[in-house]
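Commentary on secondary and tertiary structure
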Number of protein chains: 4
Amino acid sequence: MQKKVLDKGYVKLLKADKEEDILKVASICYGKKLVDLEKKKEFLIKKLMFEHAGNPTSSFEFVNFLFEVKCPIFVARQWMRHRIGSFQEISRRYVSDNLEFFVPEDLDEEEKTKYLEHIRLVENYYYNLINKGIRKEIARSILPLSLYTTFYWQVNLRSLINFLKVRLDKHAQREIREYAKAIYKLIKPYAPTVCKFLKEAIKE
Amino acid sequence: MQKKVLDKGYVKLLKADKEEDILKVASICYGKKLVDLEKKKEFLIKKLMFEHAGNPTSSFEFVNFLFEVKCPIFVARQWMRHRIGSFQEISRRYVSDNLEFFVPEDLDEEEKTKYLEHIRLVENYYYNLINKGIRKEIARSILPLSLYTTFYWQVNLRSLINFLKVRLDKHAQREIREYAKAIYKLIKPYAPTVCKFLKEAIKE
Amino acid sequence: MQKKVLDKGYVKLLKADKEEDILKVASICYGKKLVDLEKKKEFLIKKLMFEHAGNPTSSFEFVNFLFEVKCPIFVARQWMRHRIGSFQEISRRYVSDNLEFFVPEDLDEEEKTKYLEHIRLVENYYYNLINKGIRKEIARSILPLSLYTTFYWQVNLRSLINFLKVRLDKHAQREIREYAKAIYKLIKPYAPTVCKFLKEAIKE
Amino acid sequence: MQKKVLDKGYVKLLKADKEEDILKVASICYGKKLVDLEKKKEFLIKKLMFEHAGNPTSSFEFVNFLFEVKCPIFVARQWMRHRIGSFQEISRRYVSDNLEFFVPEDLDEEEKTKYLEHIRLVENYYYNLINKGIRKEIARSILPLSLYTTFYWQVNLRSLINFLKVRLDKHAQREIREYAKAIYKLIKPYAPTVCKFLKEAIKE
C-alpha cells in the first residue's frame, strides 16, 4: 500500500502487525484468556493508551511497522530526530543518479519557475563536479535540502503513536505533517482502535 | 520451536525474520541490486559485522525475533538489563497460581531435598498470606529469586548479537549462559552466517 | 540530600542539574537570548511540557540527575523496566554480606513476627550454602524478593518525568510509589516549575 | 575548550566528567573500596572495555560529556544517526540570519570560486524568498547541504566510544572524521586511559 505525499514523495507500508497483538501480549501479563480480552478490545486499548500505572504501553512495542519513505532531506532531518526506531537511508556516498527535488507549493507559478532554475543550475554544477572526479560525498554538499531521499523506517506502535502526536499536531511543519497524515491513513486498517483514540487526543 | 533450559524453563521462538533481510536493507543503502549482494552474502555480512564505518550494523536492526522465555527471576533480572528490545512479563500483581521454582543442579541430592523444603515452607506461607487477604504484590515479597517467571522478548538482530556476545561469554553466569546457548541454536537456521561469525568472535 | 523510604530503604540525590538548563538549551534552538527566555520561564516550561510540535521535550534531556537507591528487589524490578537511563547495581555474584529485608507494613505485629521468622530461616540457609562452597550467585536464589538491593540511577529530566507520571499514579504499586514521592521531593528544589506542572497532570 | 574543524566549524567541550567516575560506579557493583580499584585503574578500564560478561561497559554510561558543535548539515546528518545521546539544534524555522557555508578543501582555487558563486546565488535567492514572505522553513529548502548548523550534543562515554570507533575509522567520511579527531583530543585529558585503549582498537 502506498500514499503519494508532496510533489514527488510517497510512503509505502511494507510490513504491518495488527493492534490485536497488543491484547495477545497483554494477556500474558495479566494472566487472562485472549478471547476474554478481545471482547472488550476498545475499552482495554483506551485504558492502556491513557492510564499510566505499570507502564502498560510497553505492550504496544510488540506491534511493528515497516515503511519505505521518499521525502525531501529537510523533512528527513526532522523525521530522524525520532530515535526509537530504525532507519536505513540511501547513501549519496554510493549513489549519484536519479536526483529529484521538492518544489514548494507555497510558490506561485512565476516563483516556481525561478526556484527550479536555481535547482537546475546547482544540479548541473553537481554533475560537473562529479565529472571532474570530486568525491560524490563532497559534491553533494552543493545540493539543496529540497533533494529527495529514500529510507526504510522500522518502528513499533508505541514510538509511532508518539511520532504521530508530534507530527500531526497543528504546530508541526506542514510538509512533515503531510507525511504523518499519510502514515495515519496507512496504519488505520491495522490499528483502527488506536487511530480512533489518537485522533481524539490530537489538537488540530 | 522450543528448547528446554534448566530444570523447568524453556525458550520458544515465536517469530523470526531471516538474515537475508539484512541484504535487502543494505541494497537500498548502497543502491545495489539485491541479487548481486546475495551472491556474496557471507563476505558482506562479515564486513557489516566487523567493520565500523557508517554504522553498518544498523541494517541488522531490521531482522526481528520474538521469544517466549520461562526462567528463574534471578536470570530474568540479568536479562532485562539489556535495554534495546521489548519485554512483557507475567505480573505477580495479577497472577498468584502455578508457582514453580528452580532447584540448582550444583546441589547434591541431600542438599536438593533441603533446598526444596525451604521452598515449600515459603510457598505455603505465601498462600497463607494470600488467604489472609494480603495484597498479592506484597505477599510475593516472601518468594525466592528462584521463582520461575515468563515473559515475551522482542529483539532485533543487532541487539541480540550483543546479548549473545555478553551472555555466551565464559564469564557470564552459568544459568543465563544456558539460555543464551538455547537462543543461539534457535536462531541459527534463520541467521546461519551471522551465527558462524559470532561463534568465531566469542571467547569460550 | 537523602529521604528514608519504607522500613530500611532510601533515595539519595547525588548530582542534580537545574531546570534553568532547559532554557539554555532552548535558547540555542530558537535563537533567543537567555535573559528573555528566563523572564517567561513558567510559560515556556509549560509549553515545552505539554505542546507536541517539534519534539520540544528533548531539551529536558539536558537536565540530569544521579540517585543512589536502596530498595527491595521487587521494587527494583519494576524500576529497571524504565529503559531510558543508566543503572549500576550491587552484584550478589561478588557480595554476600549485609543482607537486609523489607517487612511489609500491611502485616500486623503477629504476622510480622512470622514473616521475619521465615526470612531468618532462609537467610540462615543461604549462609549455610555459602559455607558449603556453593556459588554465591546460586545460593542467592533462595533469598526472597524482599531482599534490599542498592543501585546508582542516572536519568535525565525527560525520562524522570515519565517515571514519575507512571509511578506516582494512584494505580502504581504502593511501595514504588513511596520511592517516586521521595524522588519528587528531592528534585523539587532543582525543578520547581516542572514539579508544579507535573503535580497538576497526575491523577492521584 | 575548543577545537577548530574544517573551514568554519568547531567543537567546544562544555561539560566533562572524568574517567575516574567509572571506578566509583564499578566499586558499588563489585563491593570493593574505591582506593583499591584506583590502584589498578588501567587494568580495570581495559578489562571493562574489552571483556563482555555482565555488561560491564554500563559503568561508562555514568561519565557524561556536553559538546557544542558547528558543522555542515551533511556532517550533522551522519552525526545524528547516533541515537544514544541528546541533540538540540538551532532551528531554521526560527532563525534566518548568519548563514555560513562549508567550502570543500578538495577543490582548487578556481573551483572554489565557482563553488562560492553558486552558494552566493542561492543565498541571495533565499533572502529574496524570505523578503517575499515565504515561510523560513520552506525558503531554507533551497539552501545547500554545506550550510553550517550548530547543535548541543550530550553523550555518555559508552556511546561516545562507539561514535569514535565508527567515525575515526579510516572508512568514515573525511569531514566527520575531522570532527571525531577533535573530540578525541578534547576528551583525552578527562579520559586518558580510555583514549589510549581506544586508539589501539581503531584501524587507521
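Because the structure is predicted, anything quoted here is derived from the model rather than measured.

Rules used in this analysis
Residues numbered from 1 in each chain as written. Chains lettered and ligands numbered in written order. Predicted model: local features only at pLDDT ≥ 70, side-chain atom pairs only at ≥ 80, totals over all residues. Heavy atoms only, no water. Core = buried A, V, L, I, M, F, W, Y, C linked by side-chain atoms within 4.5 Å. Buried < 20%, exposed > 50% of the residue type's maximum accessible area, 1.4 Å probe, protein only. Domains from an automatic or database assignment. Phe/Tyr/Trp six-rings, centres within 6.5 Å; stacked < 30°, edge-to-face > 60°. Helix = DSSP H or I, 4+ residues; strand = E, 2+ residues; numbered from the N terminus. Lys NZ or Arg CZ within 6 Å of the ring centre and 35° of its normal. Polar contact = N/O pair within 3.5 Å; in protein donor to acceptor, adjacent residues only side chain to side chain. Contact = heavy atoms within 4.5 Å. Buried area = accessible area lost by both parts, 1.4 Å probe. Salt bridge = Lys/Arg side-chain N within 4 Å of Asp/Glu carboxyl O. Nonpolar A, V, L, I, M, F, W, Y, C, P; charged D, E, K, R; others polar. Patch = residues over 30% accessible without salt bridge, like charges linked within 9 Å, V, L, I, M, F, W, Y side chains within 5 Å. Areas by Shrake-Rupley, 256 points an atom, 1.4 Å probe, with all protein chains shown as cover. Lys, Arg positive; Asp, Glu negative; His and termini not counted. Charge placed at Lys NZ, Arg CZ, Asp CG, Glu CD. pLDDT = per-residue confidence, 0-100. Least-squares fit on C-alpha atoms with pLDDT ≥ 70 in both. Pairing = 2+ DSSP bridges. Axes fitted to C-alpha atoms, helices over the stretch in contact; angles between N-to-C directions.

What to know about the nonpolar core
- Counting residues in each nonpolar core, the largest one holds 128 residues, and the members touching the most others are A:Phe67, A:Trp79, D:Phe67 and D:Trp79.
- The residue makeup of this core includes at least three contributed by each of domain 1 (2-90 + 148-201) and domain 2 (109-142) of chain D.

Details of the packing of aromatic side chains
- According to the stated counting rule, one finds 52 aromatic pairs over all chains in the structure shown.
- Here the aromatic rings of A:Phe87 and A:Trp153 are separated by 6.0 Å at their centres, their planes lie at 10 degrees, and the arrangement is stacked. Of this pair, A:Phe87 sits in strand β4 (residues 86-89) while A:Trp153 sits in strand β5 (residues 148-156), placing them 66 residues apart in sequence.
- Relative accessible area serves as the criterion here: at 4%, A:Phe87 is assigned to the buried category.
- Look at A:Trp153 and you get buried, because its relative accessible area is 1%.
- Here D:Lys70 stacks its cationic end above the ring of D:Tyr148, 5.4 Å away from the centre of that ring.

Quick word on the side chain of A:Thr193
Residues and elements named next belong to chain A.
- Within the secondary structure, Thr 193 is located in helix α9 (residues 192-201).
- Look at Thr 193 and you get buried, because its relative accessible area is 6%.
- Among the polar contacts made by the side chain of Thr 193, one reaches the side chain of Glu 19 at a distance of 2.5 Å.
- Those residues within four positions of Thr 193 in sequence are excluded, and the remaining contacts are Glu 19, Lys 41, Glu 42 and Ile 45.

As for the interface of chain C and chain B
- Counting from both sides, the interface comprises 45 residues of chain C and, opposite them, 45 residues of chain B.
- Of the roughly 4,000 Å² buried between chain C and chain B on both sides combined, carbon and sulfur atoms contribute 53%.
- Taken together, the links from chain C to chain B amount to eight salt bridges.
- A salt bridge links B:Asp106 to C:Arg135; the shortest N-O distance between them is 3.0 Å.
- The tally of links between chain C and chain B comes to 28 residue pairs in polar contact (both at pLDDT 80 or more).
- Here the element with the most residues in the side of chain C that touches chain B is helix α5 (residues 109-131) of chain C; it accounts for nine residues.
- Among the residues making up the side of chain C that touches chain B, the classes are represented as 21 nonpolar, ten polar and 14 charged.

Quick word on a positive patch on the surface
Residue and element names in this part refer to chain A.
- A surface patch of positive charge is lined by Lys 3, Lys 185, Lys 188 and Lys 199.
- For Lys 3, the location among the structural elements is in strand β1 (residues 2-5).
- When its relative accessible area of 33% is taken as the criterion, Lys 3 is described as partly exposed.

Let's talk about the confidence of the model for chain A
- Here chain A averages 90 in pLDDT, while 94% of its residues score no lower than 70.
- Highest mean pLDDT in chain A belongs to β1(A) (98); lowest belongs to helix α2 (residues 34-39) of chain A (81).

Looking at the relation of the copies chain C and chain B
- Note on the copies: chain C fits chain B at an RMSD of 0.0 Å, the axial shift is 0.0 Å, and the rotation between them is 180 degrees. Here the transformation between the copies is reduced to the relation of a two-fold axis. Among all C-alpha atoms of chain C, that of C:Pro144 lies closest to the rotation axis, at 1.9 Å.
- Most of the interface of chain C is mirrored in chain B: 100% of its interface residues are interface residues there too.

Side note on the interface of chain D and chain A
- Counting from both sides, the interface comprises 44 residues of chain D and, opposite them, 45 residues of chain A.
- Contact between chain D and chain A buries roughly 4,000 Å² in total, counting both sides, with carbon and sulfur atoms accounting for 53%.
- When the shortest N-O distance is used, the salt bridge between A:Glu89 and D:Arg77 registers 2.6 Å.
- Here chain D and chain A share 28 residue pairs in polar contact (both at pLDDT 80 or more) between them.
- Elements represented by at least two residues in the side of chain D that touches chain A include exactly α4 (73-79), β4 (86-89), α5 (109-131), α6 (136-139) and α8 (174-187) of chain D.
- No other element matches the nine residues that α5(D) contributes to the side of chain D that touches chain A.
- Classifying every residue of the side of chain D that touches chain A by side-chain character gives 21 nonpolar, nine polar and 14 charged.

A few points about the environment of C:Ala191
Residues and elements named next belong to chain C.
- Looking at the secondary structure, you find Ala 191 in the loop between α8 (174-187) and α9 (192-201).
- Take Ala 191: its relative accessible area is 0%, and that puts it in the buried class.
- With 77 residues separating them in the primary sequence, Ala 191 and Lys 114 have C-alpha atoms 43 Å apart.

Some details on the relation of the copies chain D and chain A
- Each copy of the sequence occupies a distinct position, and chain D is placed on chain A by a rotation of 180 degrees and an axial shift of 0.0 Å, giving an RMSD of 0.0 Å.
- Both copies share a contact surface, since 100% of the interface residues of chain D are interface residues in chain A too.

Some remarks on the sheet that holds strand β3 (residues 64-72) of chain D
All names here are of chain D.
- Read from one edge to the other, the open sheet built from five strands follows the order β1-β2-β3-β5-β4, with strand pairing classed as antiparallel. On the outer flanks of this sheet lie β1 (2-5) and β4, each paired with one strand and no other. The sheet shows a mean angle of 20 degrees between the axes of neighbouring strands, taken without regard to direction.
- As paired elements, β4 and strand β5 (residues 148-156) share four bridges and run antiparallel to each other.

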